[in-house]
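As a plain string of letters, each chain reads:
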Amino acid sequence: MNRLRLRPIAVLIIGALVLLAIPTSFVVAGKVAAAEQARTEAAAADALEQKFVDYYRGALERLQPFATQIVHDAMSWSRSGSALLSEIDVSSLQSTASAVSSVMHASLSPDATSAELEAAFDTRWAVIQGGRERMDGFAATVIEAANARLAAAPLADSASRQALTEAIAAIEAAVANREAIALLLTGVTSGVEAVSASQAAAEAAAAAAAAARRGGGPAVTCGSNIATYVGEVLSLVNQERANEGLAPLSSNNSLNAQAQAHATCMAVNNTFAHSSRVRGFGNWGENIAKGYPSASSVVSAWMGSPGHRANILNPNFSYMGLGYVADGNWWCQNFGG
């Protein structure tokens, strides 16, 4: 009898427990779902962040060629020793190269966030753009100087004038297309040197012809084998330097043009004297000679003179130029470093 009365009570108790358990299971399931959702969202955020990190790291790598070009162009020309740049302030080139190089070599943490990488990209791009603008301005100054030299050389031969005109046009196109300008600037300065040398030769010929008309003697002519003499003298000089353990010199168009102009000037005026300065170089020297009929004879004479020998064996020099006039065997040897 007692068992029969207790059975309904037990059923009620079990039912109540079941009803209480149902909401609890819903709560637990809800928390599990929320946690999973949070993990999914966190994973998605991490994936998106990694995409941005990868994007900006790639973008930073793509800036490197632009920076390298600017630094190369700037440093090549700040150290070129070109006569074309002798009257142009090249200090801005060095500061431009330094600024671009410095910002590109600034270290980035391997754990940098996309925001940090974006800021680094913006900074580097701004410096590169500034470097480009300064290089454009420098190129414009060089073009202006080259055009001025062209205008000042009306007697230069048409071939050298045309070559310089084309070199100027090439650098203008390169600047417009954001291309490297170092090699093109080399073409411009070489063109200027050729025009200047041609103008100097034409002036010397005109002066000599005028002197001949006045009864002052025959016209002065440069040696037709001047290119051969340049090579021979340079080879002999480098042999002497090698004997002393010194680095060889290289031929330099600017020094060749200046040396030729001075040799011609000495011959035209029949005056044996040094020029006042070799343009375009911080360290420079000059040897002159008269009457020696060959490269070997003039180098031997220079090596027998303490002052001339010191120039040939100067460790601070890296370049040599040579001028020669056949009538009278006038020689001028210029050095630069």
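Scroll up to find the structure.
Computed from a prediction, not measured in an experiment: that's the story for all the values here.

Student: An account of the pattern of salt bridges is needed here, citing residue identities and associated values.
Tutor: Applying the stated criterion to the full structure yields 1 salt bridge. We note a salt bridge from Arg 309 to Glu 244, for which the minimum N-O separation is 3.8 Å. You can see Arg 309 sitting in helix α9 (residues 306–312) and its partner Glu 244 sitting in the loop between α6 (226–243) and β1 (250–251), a full 65 residues away along the chain. Residue Arg 309 is classed as partly exposed on the basis of its relative accessible area, which comes to 33%.

Student: Account for helix α7 (residues 253–269), with residues named and values stated.
Tutor: The end-to-end C-alpha distance of α7, which contains 17 residues, comes to 24 Å, matching closely the 24 Å that a straight helix rising 1.5 Å per residue would cover. A large share of α7 lies buried, amounting to 12 of its 17 residues. Within the span of α7, buried status applies to Ser 254, Leu 255, Asn 256, Ala 257, Gln 258, Ala 259, Gln 260, His 262, Ala 263, Thr 264, Met 266 and Ala 267. The backbone nitrogen of Leu 255 has a side-chain oxygen 2.9 Å away, supplied by the residue at the start of α7, namely Asn 252. With its phi angle positive at about 50 degrees, Asn 270 sits one or two positions after the end of α7.

Student: Please provide a residue-by-residue account of the pairing of strand β3 (residues 319–325), values included.
Tutor: The element β3 is extensively covered by neighbouring structure, given that 6 of its 7 residues are classed as buried. Both β1 and β3 contribute to a ladder of 2 bridges, which runs parallel. Considered in β3, the bridge of Ser 251 is made with Met 320. The hairpin formed by β3 and strand β4 (residues 330–336) contains 4 residues between the paired strands, and Gly 328 there has a positive phi angle of roughly 100 degrees.

Student: So what's going on with empty space enclosed by the protein? Residues and values would help.
Tutor: Here the idea is plain: a probe the size of a water molecule rolls over the atoms and shows the empty space left. Across all of its chains, the model carries 1 cavity of 30 Å³ or more by this definition. Within this model, the largest cavity holds a volume of roughly 120 Å³. When residues of the lining of the largest cavity are traced back to their parent elements, those giving at least two are α1 (2–78), α3 (114–151) and α4 (158–176). Partitioned by chemical class, the residues of the lining of the largest cavity number 5 nonpolar, 1 polar and 5 charged.

Student: Got a sec to walk through the packing of aromatic side chains? Specific residues and values, please.
Tutor: Evaluated as defined, the whole model comprises 6 aromatic pairs. Centroid distance Phe 281 to Tyr 319: 5.9 Å. Interplanar angle 50 degrees. Geometry classified as tilted. Placement of Phe 281 in the loop between α7 and β2 (284–290) and of Tyr 319 in strand β3 is noted, with a sequence separation of 38 residues between them. Residue classification places Tyr 319 among the partly exposed residues on the basis of a relative accessible area of 28%. Pairing Tyr 324 with Trp 331 gives two aromatic rings, centres 4.4 Å apart and planes at 45 degrees, and the pair type is tilted. On the basis of relative accessible area, Tyr 324 is assigned to the buried category, the value being 4%. A network of ring pairs unites the aromatic residues Tyr 55, Tyr 56 and Phe 121 as a single cluster. The ring of Phe 66 carries the charged tip of Arg 132 above its face, separated from the ring centre by 4.8 Å. Across the ring face of Trp 330, the terminal group of Lys 290 is positioned such that the distance to the ring centre comes to 5.0 Å.

About the cut-offs
- Residues numbered from 1 in each chain as written.
- Predicted model: local features only at pLDDT ≥ 70, side-chain atom pairs only at ≥ 80, totals over all residues.
- Heavy atoms only, no water.
- Salt bridge = Lys/Arg side-chain N within 4 Å of Asp/Glu carboxyl O.
- Helix = DSSP H or I, 4+ residues; strand = E, 2+ residues; numbered from the N terminus.
- Buried < 20%, exposed > 50% of the residue type's maximum accessible area, 1.4 Å probe, protein only.
- Expected span 1.5 Å × (residues − 1).
- Polar contact = N/O pair within 3.5 Å; in protein donor to acceptor, adjacent residues only side chain to side chain.
- Pairing = 2+ DSSP bridges.
- 1 Å grid on protein atoms, 1.4 Å probe; cavity = no way out; pocket = protein on both sides within 12 Å on 5 of 7 lines; lining within 4 Å.
- Points joined across faces, edges and corners; volume = space filled by probe spheres on them.
- Nonpolar A, V, L, I, M, F, W, Y, C, P; charged D, E, K, R; others polar.
- Phe/Tyr/Trp six-rings, centres within 6.5 Å; stacked < 30°, edge-to-face > 60°.
- Lys NZ or Arg CZ within 6 Å of the ring centre and 35° of its normal.

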